[in-house]
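One-letter residues, chain by chain:
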Amino acid sequence: MVVALYVSTAAHATPDPASGENAGPHIALLLPLNAPAFAEAADAVQRGFLASAAIQQHGLPVRVYPCTDESTEIAALYQQALSKGAKAIAGPLTRNGVSTLIDSTRISVPTLALNAGDGRESGLLYFFGLSAETEARQTARLAIGDGRGSAIIVRSDGPLSKRIAAAFAEEWRSEGGTIAEEITFDNNPSALAQIPPTADKLVFLATDASKARLIRPYLHLSFPVYATSLLFNGNDDVLTNYDLTDIRFADMPWLLQSDHPAVMVYPRANPPLAPEMERLYALGIDAYRLMHILLYGALQYDLPLDGVTGKIRLHRQQFVREGLPAVFRQGRAQLPENAPIVLPNP
């Protein structure tokens with residue numbers, strides 16, 4: 001039974017459309033599979049996409065179009081897919097690739113970019129990705145829902161941490177909260193120990209798990225602590241998870257709830273992937289489902305989508321996903337009983 005849940009997906013796609021294959025209707029998947037920096041991530045997305053396609057009855061075949069540098073190749077690859085008969089296109093994967101596609105290409109079929117569009121929209125072009133900033137915004141709404149009104153943000157000096165902190169702060173203020181303090185953590189915890197706890201304050205950690213493990217012991221136990229899924233490396237990482245006890249965050253059902261109805265439908269990668277690659281595999285699963293909706297469905301009837309990456313809604317041209325609320329307890333990420341999913345603002 002377990003073996004039957006793990007499938008090989010290699011037979012469900014044409015890996016090299018430039019090799020003389022006849023043109024015909026298909027869904028094109030454009031990925032930087034030949035790029036040293038992105039090949040592993042692109043492969044995880046591809047495997048999830050094809051796993052999703054393999055269980056879809058009567059769908060168009062999928063053809064995979066690999067490239068090395070999306071920022072220079074994506075426009076030509078997009079046109080190649082169209083010339084081969086693509087009726088819908090998924091990709092590119094990188095932010096630079098998405099920007100290049102928007103700037104250089106007329107979007108003529110339903111297209112799902114697998115990253116953010118930086119606020120730019122273009123007709124048939126839609127966006128879907130794993131955004132840490134989106135998670136930070138959801139965390140802000142979760143914390144507001146818990147009745148807290150004042151937040152202390154702790155971040156590092158890295159660009160991702162800064163973006164996460166800024167997204168949380170913007171959403172927090174829009175929900176009526178106030179920012180009491182923003183602390184840049186430079187591996188010196190003395191400033192953290194001096195923060196006086198008050199009844200309505202919380203701490204938001206805009207950091208990864210390694211820094212959170214250094215920070216958590218110096219925070220007063222009365223502080224509710226929130227973060228993003230950057231802290232969660234899977235429930236096999238018990239030692240790290242113990243050090244993060246009582247921190248609240250949100251992540252995708254694919255990693256948090258194996259018995260979730262949407263999760264149980266799809267095969268797992270074999271062998272299992274690292275947590276960050278599992279997230280990209282799950283992105284591939286839901287990307288194909290959204291691609292199918294764009295090609296065959298009606299957005300107003302088929303959404304929200306109960307996806308393996310979370311509850312997915314469409315805001316303008318961006319598909320926004322919301323994860324499951326979770327909390328670290330006894331070395332594991334657990335779902336709070338009766339915890340609601342906080343949906344995006346309209």
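Everything discussed here concerns the structure shown above.
The notes below deal with the structure included here. Along each chain, residue indices are assigned from 1 in the same order as the chain's sequence is written. Since the coordinates come from a predicted model, pLDDT governs what is reported: local features require at least 70, and pairs of side-chain atoms require 80 or more to be given and counted, while whole-chain, interface and lining totals use all residues. Water and hydrogen atoms were dropped before computing side-chain values, which therefore reflect all heavy atoms in the structure.

**Details of the packing of aromatic side chains**
Here's step 1: A pair of Phe, Tyr and Trp rings is counted when the ring centres sit within 6.5 Å of each other, with Trp represented by its six-membered ring. The angle between the planes then sorts it: under 30 degrees is stacked, over 60 is edge-to-face, the rest tilted. For the structure on display, the rule yields 8 aromatic pairs.
Here's step 2: Where F249 meets F328, the ring centres are 4.8 Å apart and the plane angle is 20°; that geometry is what we call stacked. Remark: F328 occurs in strand 15 (residues 324-329) and F249 occurs in strand 11 (residues 247-251); sequence separation between them is 79 residues. Accessibility classification places F249 together with F328 in one group, the buried group. In this text, helices come from DSSP runs of H or I with a minimum length of four residues, and strands from runs of E with a minimum of two, each type numbered from the N-terminal end. Here the term buried applies to any residue with accessible area under 20% of the maximum for its type, exposed to any over 50%, and partly exposed to those in between, with areas from a 1.4 Å probe on protein chains only.

**Section: unusual backbone geometry**
Here's step 1: Of note, the amide linkage connecting G91 to P92 takes the cis form, showing an omega dihedral of 5°.
Here's step 2: In this fold, P92 is placed in the loop between strand 4 (86-90) and helix 3 (95-104).
Here's step 3: Of note, the amide linkage connecting L303 to P304 takes the cis form, showing an omega dihedral of 0°.
Here's step 4: Within the secondary structure layout, P304 lies in the loop between helix 12 (299-302) and strand 12 (305-307).

**A look at helix 11 (residues 275-296)**
In an α-helix, one turn spans 3.6 residues; hence positions three or four apart end up facing the same way.
Here's step 1: Here the expected length of a helix is defined as 1.5 Å per residue gap, with one fewer gap than residues. Helix length check: helix 11 (22 residues) gives 32 Å between terminal C-alpha atoms against 32 Å at 1.5 Å per residue, within 8%.
Here's step 2: With respect to burial, helix 11 is a largely interior element, 18 of its 22 residues being buried.

**Section: the pairing of strand 2 (residues 26-31)**
Here's step 1: Burial within strand 2 is extensive, with 6 of its 6 residues counted as buried.
Here's step 2: Neither face of strand 2 is open: one carries H26, A28 and L30, the other I27, L29 and L31, and all of them are buried.
Here's step 3: Bridging between strand 2 and strand 4 involves 4 bridges; their strand directions are parallel. The residue of strand 4 that forms the bridge with I27 is A88.
Here's step 4: DSSP bridges decide pairing: two strands pair if at least two such bridges lie between them. In the sheet, strand 2 pairs with strand 3 (residues 62-66) via 5 bridges, with the strands oriented parallel. Note that in strand 3 the partner of L30 across the bridge is Y65.
Here's step 5: The path from the first strand over the helix to the second decides the hand: if it runs clockwise while the strands point away from the viewer, the crossover is right-handed. One crossover worth recording links strand 2 to the parallel strand 3 by way of helix 1 (residues 39-54), and it is right-handed.

**Section: the nonpolar core**
Here's step 1: By nonpolar core we mean a set of buried residues, namely Ala, Val, Leu, Ile, Met, Phe, Trp, Tyr and Cys, connected to one another through side-chain atoms within 4.5 Å. Ranked by size, the top nonpolar core spans 36 residues in total, and within it V154, L205 and W254 carry the most contacts.
Here's step 2: By the convention used here, residues are in contact when the closest approach between their heavy atoms is within 4.5 Å. Ignoring sequence-local partners within four residues, the contact set of W254 consists of V263, Y266, P267, R268, E278, Y281, A282, I285 and V308.
Here's step 3: Counting 33 residues, the second-largest nonpolar core is a separate cluster that includes I27, A90, M277 and L283.

**Here's the deal with the sheet that holds strand 15**
Here's step 1: The mixed open sheet is built from 7 strands, whose spatial order is 8-7-9-10-11-15-16. Taken across any chain shown, the strands that pair with only one partner, and hence form the sheet edges, are strand 8 (178-184) and strand 16 (332-334). Taking each pair of neighbouring strands and ignoring which way they run, the sheet shows an average axis angle of 30°.
Here's step 2: Fitting a line to C-alpha atoms yields each axis, with helices limited to the stretch in contact; the angle taken between N-to-C directions then spans 0 to 180 degrees. This element, helix 5 (residues 159-174), spans strand 7 (150-155), strand 8 and strand 9 (201-206) of the sheet and lies at about 170° to strand 7.

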